[in-house]
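# An overview of the molecular structure
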Amino acid sequence: MDRLLATGIDLTTSTLVLALVSLGLAVVFGLVRVINMGHGAMLALGAYLAWSLTGAGWPFPLAVAGAAVGVAAVGFVFEYLVIRHFYGRLFDTLLISWGFYLVVTELIKVVWGSTLKSVPNPLPGSIAIGGAGIGRYEAVVCVISVLLLTAAGAVLYRTDVGLRVRAMIGNREMAQMLGVDAPRLYRGVFVAGSALAGLAGALIAPLFSIEPDLGTLWLVRAFFVVTVGGLGAIVGGTVVGSALIAGGTVVFSVFSPQVFAQTVVFALAVIALRARPTGLIGRTAVRA
């Protein structure tokens, strides 16, 4: 029974951490149709900024906020100088953002080096749940993930900004005729996605070793989450996709090695995409 409880806790935490990491990519891909391959580099940059700021004496919450703002600024510059010229050209933005990923990864190596770094756990210790337990900081990260997912849904469906975004996705020309500022709105969405990537990178920094290629594996997982969960399903698709990718890996890891479990899960994800190209709960329109 304790083993089952421990597996359930691991499944939940893994799903919510992956959802946190994937949310920024889901927002950008779902709302402005840009496959931001630079998402992985933004995650790594957020982690490194958190490491630098905590090393400079900043309290961890301020370091996380500073990392999110720093990555948002990088996203703003990238969008203003490059991405805004290629909206509506999916393949072009994919290649350009992949080039951004490679450049930023190399710049990280130049600035911070290639040696492994770590951010001290701001909340050491664990919380007992029955015969199992969960780390205090992991629990906080899970709560933050739930709050961010809830906030994303609220913004999309309970605010004027969300209404404008959904109008742009539904019919861009008509929305512009009604006064929606498309370039400004797209820029805001891209910067918000960048900020979420930086925030996620900073939050997971105490849980994993920090290296320049930190974002590579997370990018692959996040990409599967967004596509398998559902194109346009910003919140629901992120949760469902994360449960399949992260939760499936946890379940299969009980019976097989970690690498084999991930391989099986990715194979199942490909099969799911073959059966439903728009994702498990995806639609052509944006939904939560």
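Computed from a predicted structure; not experimentally measured.

### Here's the deal with the UniProt feature "transmembrane region" (unreviewed entry) in the protein chain
Under the UniProt annotation, the feature "transmembrane region" (unreviewed entry) is placed at residues 12–32, 64–83, 95–114, 134–157, 185–210, 222–245 and 252–273. Taken as a whole, residues 12–32 contains 100% helix and 0% strand, while its terminal C-alpha atoms sit 29 Å from one another. In residues 252–273, the share of helix is 82% and the share of strand is 0%. The end C-alpha atoms are 20 Å apart.

### Quick notes on the side chain of Thr13
Residue placement: Thr13 occurs in helix H1 (residues 2–32). Those residues in contact with Thr13, other than ones at most four positions away along the chain, are Ile134 and Cys142.

### Quick look at the pairing of strand S1 (residues 126–129)
Relative to strand S2 (residues 132–135), S1 runs antiparallel, the two sharing four bridges. By the bridge assignment for S2, Ala128 is matched with Gly133. Between S1 and S2, which pair antiparallel in sequence order, lie two residues; one of them, Gly130, sits at a positive phi of approximately 65 degrees.

### Here's the deal with unusual backbone geometry
Excluding glycine, residues mostly have negative phi values, and the peptide bonds linking residues are mostly trans. Positive phi outside glycine occurs at Arg33, with the angle close to 55 degrees. Along the chain, the position of Arg33 falls in the loop between H1 and helix H2 (39–55).

### Observations concerning the packing of aromatic side chains
Per the counting criterion, the structure on display carries eight aromatic pairs. With a centroid separation of 6.2 Å and an interplanar angle of 10 degrees, the aromatic rings of Phe76 and Tyr80 are classed as stacked. Here Tyr80 and Phe76 lie together in helix H3 (residues 60–81), a separation of four residues that amounts to about one turn. Residue classification places Phe76 among the partly exposed residues on the basis of a relative accessible area of 40%. The class for Tyr80 is partly exposed, based on a relative accessible area of 39%. A centroid spacing of 5.3 Å and a plane angle of 75 degrees characterise the contact between Phe208 and Trp218, whose relative ring orientation is edge-to-face. In this pair, Phe208 sits in the loop between helix H8 (182–204) and helix H9 (214–229) while Trp218 sits in helix H9, placing the two residues 10 residues apart along the sequence. Among the aromatic side chains, those forming a connected cluster through ring pairs are Phe78, Phe100 and Phe190. When the ring centre of Trp51 is taken as reference, the NZ or CZ atom of Lys117 above it lies at 5.2 Å. The ring of Trp218 is capped by Arg221, whose NZ or CZ atom sits 5.2 Å from the centre of that ring.

### Digging into the environment of Gly75
With respect to the helices, strands and loops of the structure, Gly75 is situated in helix H3. Residues Gly75 and Leu196, spaced 121 residues apart in sequence, show a C-alpha to C-alpha distance of 11 Å. Leaving out residues up to four positions away in the same chain, Gly75 has contacts with Met42, Phe190, Val191 and Ser194.

### A word on the packing of H2 against H8
In the contact formed by H2 and H8, the axes pass within 7 Å of each other and the chain directions differ by 50 degrees. When the axes of H2 and H8 are compared, the pair comes out oblique. Of the two elements, H2 crosses H8, and the hand of that crossing is right-handed. Two secondary-structure elements touch here, H2 through His39, Met42, Leu43, Gly46, Ala47 and Ala50 and H8 through Phe190, Ser194, Ala197, Gly198, Ala200, Gly201 and Ala202. Considering only residue class, the contact of H2 with H8 consists of eight nonpolar, five polar and no charged.

The rules behind these values
Residues numbered from 1 in each chain as written. Predicted model: local features only at pLDDT ≥ 70, side-chain atom pairs only at ≥ 80, totals over all residues. Heavy atoms only, no water. UniProt positions renumbered as here; feature names shortened; annotations may be inferred. Helix = DSSP H or I, 4+ residues; strand = E, 2+ residues; numbered from the N terminus. Contact = heavy atoms within 4.5 Å. Pairing = 2+ DSSP bridges. Phe/Tyr/Trp six-rings, centres within 6.5 Å; stacked < 30°, edge-to-face > 60°. Buried < 20%, exposed > 50% of the residue type's maximum accessible area, 1.4 Å probe, protein only. Lys NZ or Arg CZ within 6 Å of the ring centre and 35° of its normal. Axes fitted to C-alpha atoms, helices over the stretch in contact; angles between N-to-C directions. Parallel < 35°, antiparallel > 145°, perpendicular 65-115°, else oblique. Left-handed = near helix turned anticlockwise from the far one by under 90°. Nonpolar A, V, L, I, M, F, W, Y, C, P; charged D, E, K, R; others polar.

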